[in-house]
Amino acid sequence: MPANPKVLVTRKLPKAVEERLNNDYDCHFNPDDRLYSSDELVDFAQGMDAILPCHTEKLTADVVARLPDTIKIVANFSVGVDHCDLAAFSERSIVVTNTPDVLSDATAEIAILLMLGAARRAGEGEAMMRNGSWKDWSPAFMVGTSVTGKRLGIIGMGRVGQVVAKRARGFDMDVHYYNRSKLSSELEQGAMYHDDIDSLLASCDFISLNCPVNPDTKGLLSRKRISKMRDGAILINTARGALIDEEAFIDALKSGKIAAAGLDVYCVEPGGNPEISQLPNTFLLPHIGSANQETRDAMGYRALDNLDAFFKGSEPNDRVA
Ligand code: DGY
């Protein structure tokens, strides 16, 4: 590896990851963890060999075009790469990598939390305990929906989807899935394949979105598709907000077509959608699918493994462009 390549690290990373970075690279760190504007990002990239960004940095075609020629690789600290214009990176022959595998368990944990939270009205109950409005108990009080034994439809049966399926089986759920291609029976573990999203939507009590957002999947849960869902179904999204037509989704939550939703991701982040936040039948988290210490460390090491491979002259394992 050439002596100490220069790396722009856009956000504060776990201590152990920054220590490892310091050993082998000459780093620009962001100790205050401030979100850089695009102009700052381009300025700080001057003279650097690599960037280690998160999904919070919007690496649009315009930003990519303004990066200095010294940048050879962008090693993302994220599995999702929808914040990167991959075509623009390829055009400039800048390598792009991500961090798959290491956040599947963490994200699946949050999917199950959202599923239980939405079905059992945990958001409403928690708010009641905090604002002192719990005044009575009756058989009709806070009645939700059972998760156990219900049918779960997973859209995107990749690494995260497969772990969600595995955890859901702990609740005796009957797992169905849609994926671009059918999995081997070893990976399916008895899950039923649908080669068409509409058929999956029409068959399931719970739908979990677990696919990446890209030009093919953007707006996948359109108004038309929502109309195909079972009446009173529950939707879980730990993938990306842009998979959903949020306006149509809000209408469906208001009408009861979708009984409840558990969401970790939104079209606009940070902040989410204030209209969704007003709806009592939603259980909401602020994009924390991968937010546990073990996973954060593993994501950092994975990004570093990709950088190390690149600067040692090998192909990084997780190259996406
Ligand atoms: C990911 O890795 O894509 C998560 O959403 C966090 O960025």
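In this text, all values refer to a predicted model and were calculated from it rather than measured experimentally.

Some thoughts on the pairing of strand 6 (residues 151-155)
With 4 of its 5 residues buried, strand 6 lies for the most part within the structure. Sheet topology note: the strand 6/strand 7 (residues 174-178) ladder contains 5 bridges and is parallel. Bridging across to strand 7, Arg151 finds its partner in Asp174. Read as a crossover between parallel neighbours, the route from strand 6 over helix 7 (residues 159-169) to strand 7 is right-handed. Relative to strand 9 (residues 206-209), strand 6 runs parallel, the two being bridged by 4 bridges. Residue pairing for strand 9: Leu152 is matched across the bridge by Phe206.

Considerations on a nonpolar patch on the surface
Taken together, the side chains of Met129, Trp134 and Trp137 present a nonpolar region at the surface, about 420 Å² in accessible area. The topology assignment puts Trp134 in the loop between helix 6 (122-131) and strand 6.

Observations concerning the packing of helix 5 (residues 104-119) against helix 7
When two helices pack together, their arrangement is given by the angle between the helix axes and by the axis-to-axis distance. Direction vectors running N to C along helix 5 and helix 7 enclose 50°, while the axes themselves pass 8 Å from each other. By the angle class used here, helix 5 and helix 7 are oblique. Two packed elements cross with a definite hand, and for helix 5 against helix 7 that hand is right-handed. For the pair formed by helix 5 and helix 7, the contact residues are Ser104, Asp105, Thr107, Ala108, Ala111 and Ile112 on the first element and Arg159, Val160, Val163, Val164, Arg167 and Ala168 on the second.

Some points on the environment of Thr56
Tracing the backbone through its elements, the reader meets Thr56 in the loop between strand 3 (50-52) and helix 3 (61-66). Since its relative accessible area comes to 28%, Thr56 is described here as partly exposed. In this structure the C-alpha to C-alpha distance between Thr56 and Arg121, which are 65 residues apart in sequence, comes to 30 Å. Other than its neighbours up to four places away in sequence, Thr56 contacts Arg11 and Leu35. Of the polar contacts made by the side chain of Thr56, one reaches the side chain of Arg11; its length is 3.2 Å.

Brief notes about the domain arrangement of the chain
As far as domains go, the chain holds domain 1 (6-101 + 293-311) and domain 2 (104-284). Each of domain 1 and domain 2 was reduced to a C-alpha centroid, and the two centroids are 31 Å apart. Facing the 6 residues of domain 1 at the interface are 6 residues of domain 2. In total, domain 1 and domain 2 occlude about 550 Å² of area from one another, counting both sides; carbon and sulfur atoms represent 43% of this.

Describing the site of the ligand
Near the ligand, the surroundings consist of His55, Ser78, Val79, Gly80, Leu103, Arg240, His287, Ser290 and Met299. Take His55: an N or O atom from its side chain is 2.6 Å from an oxygen atom of the ligand. Looking at side-chain class alone, the shell around the ligand contains 3 nonpolar, 5 polar and 1 charged residues.

As for the pairing of strand 9
Within a regular strand, side chains alternate between the sheet's two faces. Judged by which residues are buried, strand 9 turns out to be covered on both faces: Phe206 and Ser208 on one side and Ile207 and Leu209 on the other are all buried. Pairing geometry for strand 9 and strand 10 (residues 233-237), over 4 bridges, is parallel. Within strand 10, the position partnered with Leu209 by the bridge is Asn237. Chirality of the crossover, the property in question, places the unit of strand 9, helix 10 (residues 223-228) and strand 10 among those that are right-handed.

Criteria and thresholds
Each chain has its residues counted from 1, running along the sequence as written. For a predicted model such as this one, the threshold for reporting local features is a pLDDT of at least 70, and the threshold for listing and counting side-chain atom pairs is 80 or more; totals across whole chains, interfaces and linings nevertheless cover every residue. As a rule here, side-chain values cover all heavy atoms of the structure and leave hydrogens and water aside. A simple rule labels every residue: compare its accessible area, found with a 1.4 Å probe on the protein chains alone, to the largest value its type can have, and call it buried under 20%, exposed over 50%, or partly exposed in between. Each helix corresponds to a stretch of at least 4 residues labelled H or I by DSSP, and each strand to a stretch of at least 2 residues labelled E; elements are numbered beginning at the N terminus. Here the rule is simple: two strands pair whenever DSSP picks up at least two bridges between them. Handedness rule for crossovers: strands pointing away from the viewer, path from the first strand over the helix to the second running clockwise, crossover right-handed. Two distance rules govern patches: like charges are joined within 9 Å, and nonpolar side chains (Val, Leu, Ile, Met, Phe, Trp, Tyr) within 5 Å, applied only to residues with over 30% relative accessible area and no salt bridge. Accessible surface is estimated by sampling points in the Shrake-Rupley manner with a 1.4 Å probe; for residues, cover comes only from the protein chains shown. Salt bridges are counted wherever a side-chain nitrogen of Lys or Arg sits within 4 Å of a carboxyl oxygen of Asp or Glu. Lines are fitted to the C-alpha atoms to define the axes, a helix being fitted only along its stretch in contact, and any angle between axes, read from their N-to-C directions, falls within 0 to 180 degrees. Our angle categories are set so that under 35 degrees counts as roughly parallel, over 145 as roughly antiparallel, 65 to 115 as roughly perpendicular, and the remainder as oblique. In this scheme the crossing of two helices becomes right-handed for a clockwise turn of the near helix relative to the far one and left-handed for an anticlockwise turn of less than a right angle. The contact criterion used throughout is that any non-hydrogen atoms of two residues lie within 4.5 Å. Polar contact criterion, stated in full: a pair of N or O atoms within 3.5 Å, where within protein one must be able to donate a hydrogen and the other to accept it, and residues adjacent in sequence count only if both atoms are side-chain atoms. Residue ranges assigned to each domain were obtained from an automatic or database domain assignment. Buried area, as used here, totals the accessible surface that two parts lose on assembly, with accessibility defined by a 1.4 Å probe and the loss added over both. Nearness of a residue to a molecule or strand requires only that one of the residue's heavy atoms be within 4 Å of it. Each residue is assigned to one class: nonpolar for Ala, Val, Leu, Ile, Met, Phe, Trp, Tyr, Cys and Pro, charged for Asp, Glu, Lys and Arg, and polar for all the others, Gly among them.

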